[in-house]
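Tertiary structure, described
One letter stands for each residue in the lines below.
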Amino acid sequence: AFPLPSLPRKQPTVLVVCGPAQNGAIGLVCARHLRIFDYEPTIFYPKRSPDPLYRDFTTQCEKMDIPFLSSLPTEVQLINDAYNAVVDAVLGAEGEAGEGREPCAAILATLKHVRIPIVSLDVPSGWDVEAGSSGGISPDVLVSLSAPKQCARRFLGRQHFVAGRFLPYDVQKKFELNPPEYPGTECVVAL
Amino acid sequence: QEEAQAIDQELFTEYKFSVDQLMELAGLSCATAIAKAYPASSFTTSQPTVLVVCGPGNNGGDGLVCARHLKMFGYEPTVYYPKRPNKPLFEGLTTQCQKMDIPFLPEFPAEAALIDELYGLVVDAIFGFSFKGAVREPFGSILGTLERITVPIASIDIPSGWDVEKGKADGLQPDMLISLTAPKKAAMHFTGRYHFLGGRFVPATLQEKYALNLPPYPETDCVLQLT
């Protein structure tokens, strides 16, 4: 969605905001690959999971010289100026539980006002996984994991990708997922 | 060989990568490289059938991951996996393949001609860069048969049976080599048509430390065609 040459800022900076659970961990893996793809990710990961797998993801990012912010600027303009895009890996399908609690609530309040594009992983954070949102964040790009969630119907942004090529055929059939054809060897497909 | 082992060690101990993570990325690279060099539509067999021969170690694990991704890319892989380590990682990978209806042969095709008839490609995932010393059965006979087939062979990391640095002039002559992380010294003796680099997970600092001098991967591709 955002090829390197298309980025408006001089440096290909991306802010990756990671929540305390699985969605956040996926954000960490995403940040690492963005670094390998020559982007300059910065991570904000205020509430770190104790899960050993997720702790290792954190180490991998740190050892790859990906900076971790100690706080999220509340001045939205600072975010707009420093980064080309924000990856929202705060809350996933388990969103309902986390939304009201800090620090997620404050993060989401800030993200609602950024002007640079937001890419949400699986579910726009803070949205109800089925009903969608009223007054929540409005991402530019949504990457549905495995298959789109019900709330994806309310997605109004520019691009919707599905990343679910790893699902075995019988799982797809069992849940009647009817995924689209993935092009070539790509692991994502634009819907 | 020692450098390759040292890099791996750093990835596991300093960077805290798990074997699962890197094996998945490596196997995916192999499947991707194969799909680029041997598109399913180019097979002369009626279905794009591929025989994946998996050895007793990590190279075999890479092969299992590769087989799974080949299936998802529309190929029809069949696995031969005679010596299976008693570890959850390999048991998991085997289950994933079986649950995706990838057949596991009970025995290796007896004749080279049979392989030529049934499969359009063979993936050699027998031995990798840790290989040392003599080849134990059943792999000696398997390699003997593979040396006589005419369908192309794609070797993962090191053509099996080759010395990791010096190669083996009278050994397997694969059509394709997928070097993982960085090409090994043996790659200098590779004379096949396709040489790909895979395993796009080495952090820049490590690349510099070991002076890998890898050319850049294209965009978000997980493989790079070297020749």
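Computed from a predicted structure; not experimentally measured.

A look at the overall build of chain A
The number of helices and strands found in chain A is 6 helices and 8 strands. Relative to the 2.2 N^0.38 estimate, which gives 16 Å for 191 residues, the radius of gyration of chain A is 16 Å and therefore close to what a compact globule would have. With respect to the principal axes defined by its C-alpha atoms, chain A has extents near 45 × 35 × 35 Å. In chain A, of all internal contacts separated by at least 6 residues, the share reaching a separation of at least 24 is 61%. Within the structure as shown, chain A displays about 9,700 Å² of accessible surface, and the carbon and sulfur contribution to it stands at 53%. Averaged over its 18 positive side-chain charges, chain A has a centre that lies 1 Å from the centre of its 21 negative ones.

A look at the side chain of Thr181(B)
Residue and element names in this part refer to chain B. On the secondary structure map, Thr181 appears in the loop between strand E5 (176–180) and strand E6 (194–198). The exposure class of Thr181 is buried, given its relative accessible area of 11%. Setting aside residues up to four positions removed in sequence, Thr181 forms contacts with Ile7, Leu197, Gly198, Gly199, Phe201, Val202 and Leu214.

Side note on the pairing of strand E2 (residues 76–80) of chain B
Residue and element names in this part refer to chain B. Of all 5 residues that make up E2, 4 are buried, and the element is covered over most of its length. Two elements, strand E1 (residues 49–54) and E2, share 5 bridges in a ladder whose sense is parallel. The residue bridging Val52 from the neighbouring strand is Val79, located in E2. A crossover connection joins E1 to the parallel E2 through helix H3 (residues 58–72); in handedness this β-α-β unit is right-handed.

Digging into the nonpolar core
Membership of the largest hydrophobic core comes to 42 residues, with the highest contact counts inside it found for Val16(A), Leu28(A), Ile43(A), Val143(A), Leu11(B), Leu206(B) and Leu212(B). Elements supplying a minimum of two residues to this core: strand E1 (13–18), helix H1 (22–36), helix H2 (52–63), strand E4 (85–89), strand E5 (118–121), strand E6 (141–145) and strand E7 (159–163) of chain A together with helix H1 (2–13) of chain B. Ranked by residues supplied to this core, first place goes to H1(A) with 5 residues. Discounting chain neighbours no more than four positions away, the residues touching Val143(A) are Val119(A), Ser120(A), Leu121(A), Asp122(A), Phe161(A) and Ala163(A).

What counts and how
- Residues numbered from 1 in each chain as written.
- Chains lettered and ligands numbered in written order.
- Predicted model: local features only at pLDDT ≥ 70, side-chain atom pairs only at ≥ 80, totals over all residues.
- Heavy atoms only, no water.
- Helix = DSSP H or I, 4+ residues; strand = E, 2+ residues; numbered from the N terminus.
- Rg over C-alpha atoms; globule rule 2.2 N^0.38 Å.
- Contact = heavy atoms within 4.5 Å.
- Areas by Shrake-Rupley, 256 points an atom, 1.4 Å probe, with all protein chains shown as cover.
- Lys, Arg positive; Asp, Glu negative; His and termini not counted.
- Charge placed at Lys NZ, Arg CZ, Asp CG, Glu CD.
- Buried < 20%, exposed > 50% of the residue type's maximum accessible area, 1.4 Å probe, protein only.
- Pairing = 2+ DSSP bridges.
- Right-handed = clockwise from strand over helix to strand, strands pointing away.
- Core = buried A, V, L, I, M, F, W, Y, C linked by side-chain atoms within 4.5 Å.

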